[in-house]
Structures are given as C-alpha cells and as structure tokens.
Amino acid sequence: MTKKPSIKTPVKAPSKASTKAAPKSSPKKAAPAKKSVKAKEILEDTLSQSADETVLDRLYQVVLSRKGTDPSLSHSARLLSRGTYKVAQKFGEEAVECLIEAVAGRKDLLVGESADVLYHLIVLWVDAGVAPEDVWAELRRREGTSGIAEKASRPKENLSKKG
Ligand SMILES: N=c1c2ncn([C@@H]3O[C@H](COP(=O)(O)OP(=O)(O)OP(=O)(O)O)[C@@H](O)[C@H]3O)c2ncn1[C@@H]1O[C@H](COP(=O)(O)O)[C@@H](O)[C@H]1O
C-alpha cells in the first residue's frame, strides 16, 4: 500500500518582503504561540514534499478530502458542490486555454495552464469516482505498445464506425 500523503493544504513560502525584519519603530504583535508553531509545521511539511509526479497523488488526496466540505473555504469543495456539468465545463475551459498557449508557442504560460488542466482533471476524477491508480494502471498497460501498432490491431468494424 502506498503511503498516504499529507492532505494539508500547501502553504505558500513567505515572500521576501514578509521575511524581512520588521522595522524597529513598528514592533510586530506577538502571534499566539500555538498557531505559529502549527503554521511552521505545515510550511515545513509542504516544503519537504517533492516537486515531481508524486504531486498528482498528493493533490488527488487533498481534493478528495475537500469533497462535501465547506464551499466557502475550498475552491475544490465549491466546484464539486456545483455538480458534474460544472466540473466538466471547467476542465474543458482549462484544456482550451492550455491548447491556446501551445499553439501560440508561449511555453512559460503553457506550464501554468498545464497545471490548471491537471488540477481540474483531478477534480473531474474525484467527481466521477476515478482513482489515480486506475489511470496509472491503464498507462502502465499501454507501456511498450506502439500507438501505430495498437491502431492497426483494432477490429476493422470499429474503424469504419468512427469514419
Ligand atoms: N491547483 C489548484 C488550483 N488551480 C487553480 N485553482 C483555482 O481555480 C480557480 C479558477 O478560477 P476561475 O475564475 O477560472 O473559476 P471559478 O472561480 O470556478 O469561476 P467560474 O467559472 O464559476 O466563473 C481559481 O480560484 C484558482 O485558484 C486551484 N485551486 C486549488 N488547487 C490545489 O488544490 C488544493 C486545495 O485547494 P482548495 O480546495 O481551494 O482548498 C490547493 O492547495 C492547490 O494545491
């Protein structure tokens, strides 16, 4: 069994401005000790997570955990509460935005749009009850099979149906 990743919401690293020492003339209000310790733990946990394909499994767990929660606190919860049509529509919109950047050759914007597509695909999976493992298994099944060979092996009947 794969280790269940943390479902804590990733917390942005503090900006340069926020890490600067506060001016002496405006002493910072002391935050409640418990709260700052918890925030520090979450930040450290988030920063320790790897920036690789495992982020998809972690994101899936976070989105899954949002299902049925307060829509005013979570974008995923809000989107899921709006139903399959809206979830699918958002995925389609993000896919179109992604292809626009690809066609325009704007590689930097394509990266951001790709992340949007993957996030909205994961919301779609959660809504549909599809687990990432199902998709990984399907990709694994296809490994080593050329797309050309696979298409050629399809029954002719199916090909003619699709025109
Ligand atoms: N990766 C994302 C992510 N990508 C995009 N978005 C949000 O998707 C929204 C897209 O905005 P749009 O205006 O296009 O969509 P909309 O608000 O539904 O507007 P309408 O289409 O209804 O007009 C923005 O609010 C983005 O912040 C995301 N929201 C969340 N995540 C991840 O999901 C985690 C959980 O988020 P919450 O569910 O919000 O806690 C986060 O920690 C992130 O890791």
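Residues numbered from 1 in each chain as written. Predicted model: local features only at pLDDT ≥ 70, side-chain atom pairs only at ≥ 80, totals over all residues.

Colleague: Sorry, what's going on with the overall build of the chain here?
Modeller: Along the backbone of the chain there are nine helices and zero strands. Mapped from its N terminus to its C terminus, the chain presents α and β elements in the order α-α-α-α-α-α-α-α-α. The burial tally for the chain puts 10% of its 163 residues in the buried class. Considering only contacts within the chain whose residues lie at least 6 apart along the sequence, 58% involve residues at least 24 apart. (Helix = DSSP H or I, 4+ residues; strand = E, 2+ residues; numbered from the N terminus. Buried ≥ 20, exposed ≤ 12 C-beta atoms within 10 Å, placed from the backbone. Contact = placed C-beta atoms within 7 Å.)

Colleague: I tried to follow the environment of Thr 54 on my own but got confused; where do I start?
Modeller: Tracing the backbone shows Thr 54 in helix 3 (residues 54-66). Exposure remark for Thr 54: the 12 C-beta atoms within 10 Å place this residue in the exposed category. Spatially, the C-alpha atoms of Thr 54 and Tyr 119 are 13 Å apart, while their sequence positions differ by 65 residues.

Colleague: Even after reading the chapter, I still don't get the confidence of the model for the chain, so can you show me in this structure?
Modeller: On average, residues of the chain score 80 in pLDDT, and 74% of them reach the 70 mark or higher. Across residues 1-27, confidence stays below pLDDT 50; counting only partners more than four residues off in sequence or on other chains, it has 21 contacts. (pLDDT = per-residue confidence, 0-100.)

Colleague: Quick question: what am I supposed to make of the nonpolar core here?
Modeller: Side chains of a nonpolar character, in soluble globular proteins, are inclined to be buried together. In this structure, Leu 59, Tyr 60, Val 62, Val 63, Leu 79, Leu 80, Val 87, Phe 91, Tyr 119, Ile 122, Val 123 and Val 126 together form the largest nonpolar core, which totals twelve residues. Counting only elements with at least two residues in this core, the list comes to helix 3, helix 4 (75-81), helix 5 (84-104) and helix 6 (107-128). Once you skip the residues sitting within four places of it in the chain, Val 63 turns out to touch Ser 76, Ile 122, Val 123 and Val 126. (Core = buried A, V, L, I, M, F, W, Y, C linked by C-beta atoms within 7 Å.)

Colleague: Would you mind going over the packing of helix 5 against helix 6 with me for this structure?
Modeller: Helix-helix packing is described using two parameters, namely the angle between the two axes and the distance between the axes. Packing of helix 5 against helix 6 leaves a shortest axis separation of 8 Å and a crossing angle of 160 degrees. As far as their axial angle goes, helix 6 and helix 5 are roughly antiparallel. Seen from above, helix 5 lies across helix 6 with left-handed handedness. On helix 6, the residues touching Thr 84, Val 87, Ala 88, Lys 90, Phe 91, Glu 94, Ala 95, Glu 97, Cys 98, Glu 101 and Ala 102 of helix 5 are Leu 109, Leu 110, Glu 113, Ser 114, Asp 116, Val 117, His 120, Leu 121, Val 123, Leu 124 and Asp 127. Of the residues assigned to the contact of helix 5 with helix 6, the class counts are twelve nonpolar, three polar and seven charged. (Axes fitted to C-alpha atoms, helices over the stretch in contact; angles between N-to-C directions. Parallel < 35°, antiparallel > 145°, perpendicular 65-115°, else oblique. Left-handed = near helix turned anticlockwise from the far one by under 90°. Nonpolar A, V, L, I, M, F, W, Y, C, P; charged D, E, K, R; others polar.)

Colleague: Help me understand helix 5, please; the structure alone is not making it clear to me.
Modeller: Every α-helical turn comprises 3.6 residues, leaving residues that sit three or four positions apart pointing alike. Counted at 1.5 Å a residue, the expected span for helix 5 with its 21 residues is 30 Å, and the 30 Å between its end C-alpha atoms agrees. Where helix 5 is concerned, the buried positions are Val 87, Phe 91, Glu 94 and Cys 98. Summarising the axial view, the buried residues of helix 5 lie within an arc of 65 degrees, below the 170-degree limit, and thus occupy one face. Exposed side of helix 5, more than 90 degrees from the buried face: Tyr 85, Val 96, Val 103 and Ala 104 are the residues found there. (Expected span 1.5 Å × (residues − 1). Arc of directions from axis to C-beta.)

Colleague: How do you make sense of helix 6 when you look at a structure like this?
Modeller: In a regular helix each residue adds 1.5 Å, so 22 residues correspond to 32 Å; helix 6 covers 31 Å between its end C-alpha atoms and thus fits that length. Tyr 119, His 120, Ile 122, Val 123 and Val 126 are the residues of helix 6 that are buried. Along the axis of helix 6, the buried residues cluster in a sector spanning 150 degrees; they form a single face. Along helix 6, the residues that are exposed and aim more than 90 degrees away from the buried face are Lys 107 and Ala 128. Buried residues belonging to helix 6 abut helix 3, helix 4 and helix 5. In the stretch just after helix 6, Gly 129 is the one whose phi turns positive, near 80 degrees.

Colleague: What's the story with the packing of helix 3 against helix 6 in this structure? I'm lost.
Modeller: Axis separation between helix 3 and helix 6 bottoms out at 9 Å; the angle between their running directions is 50 degrees. Put simply, helix 3 runs oblique to helix 6. Read as a crossing pair, helix 3 and helix 6 show a hand that is right-handed. Contacts between helix 3 and helix 6 pair Leu 56, Leu 59, Tyr 60, Val 63 and Leu 64 from the former with Leu 118, Tyr 119, Ile 122, Val 123, Trp 125 and Val 126 from the latter. Its residues assigned to classes, the contact of helix 3 with helix 6 comprises eleven nonpolar, no polar and no charged.

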